[in-house]
Amino acid sequence: MVTVRAPATSANLGSGYDVFGAALGRPADVVRVEKADRTTIDVTGVGSQYIPEDPEKNTVGAVAEALEAPAHIEIDKGVRPASGLGSSAASAAAAAVGLNELYGRGLTREELVPIAAEGEAVVSGAAHADNVAPSIMGGFTIARHDGVTSVDASIPLVTCLPEVVISTRDARKVVPETASMTDVVEVVGNASTLAVGMARDDPALVGRGMEDAIVTPARAELITGYAAVRTAALEAGATGVTISGAGPAIIAACRESDRRTIASAMIDAFAEVDVEARAYQTRIGGGATVFE
Ligand SMILES: Nc1ncnc2c1ncn2[C@@H]1O[C@H](COP(=O)(O)OP(=O)(O)OP(=O)(O)O)[C@@H](O)[C@H]1O
Ligand SMILES: N[C@@H](CCO)C(=O)O
């Protein structure tokens, strides 16, 4: 048996739709894999009642299939599903790392990324790798069709998760099909600023680079209170605020000393619009960890 802890992640970071991702210090999924003749799945933990145990419908089933590694897979969910915190990806990432170890497949962490992304295709219809890449490799990641570049940043963060559910599949339906050249030029500038900020571990640059005028405004409409929560976080000292993944979680980059104030401000702003929320005070952290 192999046990793997794989962290929650935040994809997009505003300007890097389907490309940027960051591993979060917390929360995380824990997945145990044991060799078997056919794949079976047990799910416990946060939101487990909403997660299918059918291998055709669970992200880990697609991973076991892609690695030709049938197993009994136990998933202990720490990351709530449909959160914007890479819940489906955390399980897929843990399964990819665990099954690679269990069956001695010898694949590198980077080679496991497209395999874990097959799990994402099961739930959202697209094998986007921007959550599984940081969950497997840790740090800040840039996932392209031809591979992943990663940086060991440790930017302090607050993620605020409201008690509402948005599925990635639905949130992808509102993404505009086209963008103006003005918006594209701006997003290139923002994304480049964010990437340099990660390389320098500079929360001010990362926050500035989170701005996005293409995908985020369309998705913000789906999150009750988004504008007020964003303003509250910025006033409390956040260097940048945007939607985490497909939402509804909202992520703020900041200095460590401001995390507590920002977390309270975000929870209070959601409460003003009658939405309960919880906040994680965290930072960019490491990738999946194996326990024998
Ligand atoms: N192992 C799994 N863990 C979590 N959700 C799963 C899993 N397998 C299948 N699902 C399904 O995937 C959906 C949640 O995935 P979705 O991509 O919508 O949310 P998320 O991973 O939290 O968000 P995001 O990718 O925006 O960060 C739910 O419908 C859930 O039932
Ligand atoms: N890049 C993906 C991440 C969410 O799974 C999206 O925004 O749809």
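Residues numbered from 1 in each chain as written. Chains lettered and ligands numbered in written order. Predicted model: local features only at pLDDT ≥ 70, side-chain atom pairs only at ≥ 80, totals over all residues. Heavy atoms only, no water.

An unreviewed UniProt entry lists the protein under the name Homoserine kinase, from Natronomonas aquatica. If you open the UniProt record of the protein and go to Sequence similarities (unreviewed entry), you find "Belongs to the GHMP kinase family. Homoserine kinase subfamily." What UniProt states about the protein under its Catalytic activity (unreviewed entry) heading is, verbatim, "L-homoserine + ATP = O-phospho-L-homoserine + ADP + H(+)". (UniProt positions renumbered as here; feature names shortened; annotations may be inferred.)

### Quick notes on the UniProt feature "domain: GHMP kinase N-terminal" (unreviewed entry) in the protein
UniProt tags residues 59-139 as "domain: GHMP kinase N-terminal" (unreviewed entry). Overall, residues 59-139 shows 57% helix and 9% strand. The separation of its end C-alpha atoms is 22 Å. (Helix = DSSP H or I, 4+ residues; strand = E, 2+ residues; numbered from the N terminus.)

### A word on the site of ligand 2
Surrounding ligand 2, one finds Ala11, Asn12, Tyr17, Asp18, His128, Asp130, Asn131, Thr168, Arg172, Arg219 and Ala246. The contact in question runs from an oxygen atom of ligand 2 to an N or O atom on the side chain of histidine 128, over 3.4 Å. Protein chains shield 96% of the accessible area of ligand 2, which is 260 Å² for the free molecule. Partitioning the shell around ligand 2 into residue classes produces three nonpolar, four polar and four charged. (Near = heavy atom within 4 Å. Polar contact = N/O pair within 3.5 Å; in protein donor to acceptor, adjacent residues only side chain to side chain. Areas by Shrake-Rupley, 256 points an atom, 1.4 Å probe, with all protein chains shown as cover. Nonpolar A, V, L, I, M, F, W, Y, C, P; charged D, E, K, R; others polar.)

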